[in-house]
Amino acid sequence: MPGGNLFMTLACGHNGAPRSFDDEYDGGERPPGYIGYKISTAQVAGKRDLSAYAGSHMLGVNSLLAGSAPIHSFESGPKDFPVIKSRNSLVKKHLDREKWDKLKNIKTKTSGFTIWKAIQVSIHFPNQHCGIYAGDWDSYKDFAEVFDPIIQEYHGIKPSAKHTSDMDASKIFGNVGADVPVHSVRIRVGRSIDGFGLSPGITKEQRKGVEALMIKAFSNLSGDLAGTYYPLAGMDERVRQKLVDDHFL
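Our subject in this report is the structure included herewith. Being a predicted model, the structure only gives us computed values, none of them experimental.

## Some details on the overall build of the protein chain
And step 1. Secondary structure assignment for the protein chain yields 10 helices and 3 strands.
And step 2. Listing every helix and strand of the protein chain by position from the N terminus yields β-β-α-β-α-α-α-α-α-α-α-α-α.
And step 3. Buried positions account for 27% of the 249 residues belonging to the protein chain.
And step 4. Taking contacts inside the protein chain between residues at least 6 apart in sequence as the whole, the part at least 24 apart equals 63%.
And step 5. In the form shown here, the protein chain has an accessible surface area of approximately 17700 Å², with 55% of it arising from carbon and sulfur atoms.

The structure is reproduced here in structure tokens:
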């Protein structure tokens, strides 16, 4: 404390609260909004009492932080490069300030997804490996500078890798023994539908649209594929329990 000065450093957190630079940022990540305060302390011969003096000065500092600190939500991200709590994640490795500045204002056409929304899990939790989710098909293209290297590292593939699809059912061979017959089979398939967001980005209206589309598709099934569609909304409790007992829910 040379010269009788107490140097205090504060930074505005995303929730508007002060935070320690050392706790939140790695070297070289000091944000443009980082604020340093130098507080002079009164000198008393043979005695130094910092608490009252520093406390009185902190009232002004706290007021400044409370009035000017940015409040971010899922819909509205920060302008500056965010704090990524999952420091060992692939997001931390492949998303830097340069990429953030380039991608932060882009919204996907399908569901209005952003790179800020995509990395929420690594913003809030410290234990993520990948730390990113696509909100729609567009996310993989609009934010390719982040998604591509993450996908390639996670799956151990090269940038030149191409997806191949083989729908020839004759190549599928069973290995069920005659002495262990199968009594029932349930197959669950998850697919995305063009024009609708994926789970992290789908809107309420899009969810309704998916349901309406699937109801129409189910009504066209006939023969042994025909069945009954049970909407969850407004479902009778007896029907719900029957579906649970039959292992459909």
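## Considerations on helix 10 (residues 237–245)
For the α-helix, the turn length of 3.6 residues means that residues three or four positions removed from each other point alike.
And step 1. Between the side-chain oxygen at the start of helix 10 and the backbone nitrogen of Arg 238 there is a gap of 2.8 Å, and the oxygen is on Asp 236.
And step 2. Directly beyond the C-terminal end of helix 10, a positive phi value near 65° is found at His 247.

## Some remarks on the packing of aromatic side chains
And step 1. Taken as a whole and assessed by the stated rule, the structure comprises 3 aromatic pairs.
And step 2. A centroid spacing of 6.4 Å and a plane angle of 75° characterise the contact between Trp 100 and Trp 116, whose relative ring orientation is edge-to-face. One end of the pair, Trp 100, is in helix 4 (residues 97–103); the other, Trp 116, is in helix 5 (residues 115–118), and 16 residues separate them in sequence. Of the two residues examined, Trp 100 and Trp 116, each falls in the buried class.

## Considering the side chain of Ser 139
And step 1. Topologically, Ser 139 is positioned in helix 7 (residues 137–142).
And step 2. In this structure the side chain of Ser 139 is engaged in a polar contact, spanning 3.2 Å, whose partner is the backbone nitrogen of Gly 135.
And step 3. Residues contacting Ser 139, with those up to four places away along its chain left out, are Thr 108, Phe 113, Ala 134, Ala 144 and Phe 147.

## Focus on the pattern of salt bridges
And step 1. With the rule as written, the count across this model stands at 8 salt bridges.
And step 2. Taking the shortest distance from any N to any O, the salt bridge between Asp 236 and Arg 238 comes out at 3.3 Å.
And step 3. A relative accessible area of 68% places Arg 238 in the exposed class.
And step 4. With a shortest N-O distance of 2.9 Å, Arg 240 and Glu 237 are connected by a salt bridge. Of this pair, Arg 240 and Glu 237 are both found in helix 10, 3 residues apart, which corresponds to roughly one turn of the helix.

So, how was this worked out
- Residues numbered from 1 in each chain as written.
- Predicted model: local features only at pLDDT ≥ 70, side-chain atom pairs only at ≥ 80, totals over all residues.
- Heavy atoms only, no water.
- Helix = DSSP H or I, 4+ residues; strand = E, 2+ residues; numbered from the N terminus.
- Buried < 20%, exposed > 50% of the residue type's maximum accessible area, 1.4 Å probe, protein only.
- Contact = heavy atoms within 4.5 Å.
- Areas by Shrake-Rupley, 256 points an atom, 1.4 Å probe, with all protein chains shown as cover.
- Polar contact = N/O pair within 3.5 Å; in protein donor to acceptor, adjacent residues only side chain to side chain.
- Phe/Tyr/Trp six-rings, centres within 6.5 Å; stacked < 30°, edge-to-face > 60°.
- Salt bridge = Lys/Arg side-chain N within 4 Å of Asp/Glu carboxyl O.

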